[in-house]
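# Remarks on the overall topology
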Amino acid sequence: QVQLVESGGGSVQAGSSLRLSCAASGRTVSTVAMGWFRQAPGQEREFVARITTSGGISYYADSVKGRFSISRDYAKNSITLQMNNLKPEDTAIYYCAAAIRGSWPYSYRGDYEYWGQGTPVTVSS
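Residues numbered from 1 in each chain as written. Predicted model: local features only at pLDDT ≥ 70, side-chain atom pairs only at ≥ 80, totals over all residues. Heavy atoms only, no water.

## Comments concerning the nonpolar core
- Membership of the largest hydrophobic core comes to 36 residues, with the highest contact counts inside it found for Trp36, Leu81, Met83 and Tyr94.
- Put simply, the parts of the chain that give this core at least two residues each are strand E1 (2–7), strand E3 (18–26), strand E4 (33–39), strand E5 (46–52), strand E7 (68–73), strand E8 (78–83), strand E9 (92–99) and strand E11 (119–124).
- Here this core takes six residues from E9, the largest share from any one element. (Core = buried A, V, L, I, M, F, W, Y, C linked by side-chain atoms within 4.5 Å. Buried < 20%, exposed > 50% of the residue type's maximum accessible area, 1.4 Å probe, protein only. Helix = DSSP H or I, 4+ residues; strand = E, 2+ residues; numbered from the N terminus.)

## What to know about the sheet that holds E3
- Taking strand neighbours across the sheet as the criterion, the four strands line up as E1-E3-E8-E7 in an open arrangement whose pairing is antiparallel. Of all strands in the sheet, those with a lone pairing partner are E1 and E7, marking the two edges. Neighbour-to-neighbour, the strand axes of this sheet turn through a mean angle of 15 degrees, independent of strand direction.
- The pairing of E3 with E8 spans six bridges and is antiparallel. When the sheet's bridge partners are listed, arginine 19 is paired in E8 with glutamine 82. (Pairing = 2+ DSSP bridges. Axes fitted to C-alpha atoms, helices over the stretch in contact; angles between N-to-C directions.)

## Focus: the state of the cysteines
- By the definition in use, this model includes one disulfide.
- One disulfide in the model links cysteine 22 with cysteine 96; its S-S distance is 2.1 Å. When the S-S torsion is -80 degrees, as for the bridge of cysteine 22 with cysteine 96, the disulfide is left-handed. With cysteine 22 in strand E3 and cysteine 96 in strand E9, this residue pair connects regions lying 74 residues apart in the sequence.
- Using a relative accessible area of 0% as the deciding quantity, one classes cysteine 22 as buried.
- Judged by its relative accessible area of 0%, cysteine 96 falls in the buried class. (Disulfide = S-S within 2.5 Å.)

## Observations regarding the pairing of E11
- A one-sided burial pattern is seen for E11, the buried positions being Thr119, Val121 and Val123 and the unburied ones Pro120, Thr122 and Ser124.
- In terms of strand pairing, strand E2 (residues 10–13) meets E11 through four bridges, oriented parallel. Each bridged residue has a counterpart across the sheet, and for glutamine 13 the counterpart in E11 is serine 124.
- With three bridges joining them, E9 and E11 adopt antiparallel strand pairing. Across the sheet, residue tyrosine 94 finds its bridge partner in E11, namely threonine 119.

## Side note on the environment of glycine 116
- Checked against the element boundaries, glycine 116 lands in the loop between strand E10 (114–115) and E11.
- When the C-alpha atoms of glycine 116 and alanine 24 are compared, they prove to be 9.1 Å apart, with 92 residues separating the residues in sequence.
- In contact with glycine 116, other than residues within four places in its own chain, are Leu4, Glu6, Tyr95 and Cys96. (Contact = heavy atoms within 4.5 Å.)

## Notes on the pairing of E4
- Within E4, six of the seven residues are buried, which leaves it mostly tucked inside the rest of the structure.
- Sheet topology places E4 next to E5; six bridges connect them, and they run antiparallel. Pairing of tryptophan 36 across the sheet is with alanine 49, part of E5.
- Between E4 and E5, which pair antiparallel in sequence order, lie six residues; one of them, glycine 42, sits at a positive phi of approximately 75 degrees.
- Relative to E9, E4 runs antiparallel, the two sharing seven bridges. The residue bridging alanine 33 from the neighbouring strand is alanine 99, located in E9.

Here is the structure:
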């Protein structure tokens, strides 16, 4: 019973930055982790980053380490994905996800019960 809405996607040139936001509503107090996944055309949905509710522990996919940063704002029930030095291979639809129950390290699609509609990101070289 958690609703997620992503925003902030767009079309940018390589090397630029974007900030994605995910607003959560409903029973947000029940979430144990929130994260970001992405899916490029013809490819499987892949893990990008996540942050736990307890402890605020973040984790990143190797492909985005050092470039992306996930943060939380519990007062606003939202998470943010700051994406720097974007590359063409970052082009995908980015999905916000929330986990009520799951398995550590919350980096698998099956660990999440709720998903947003996605926001597209296009990076041109």
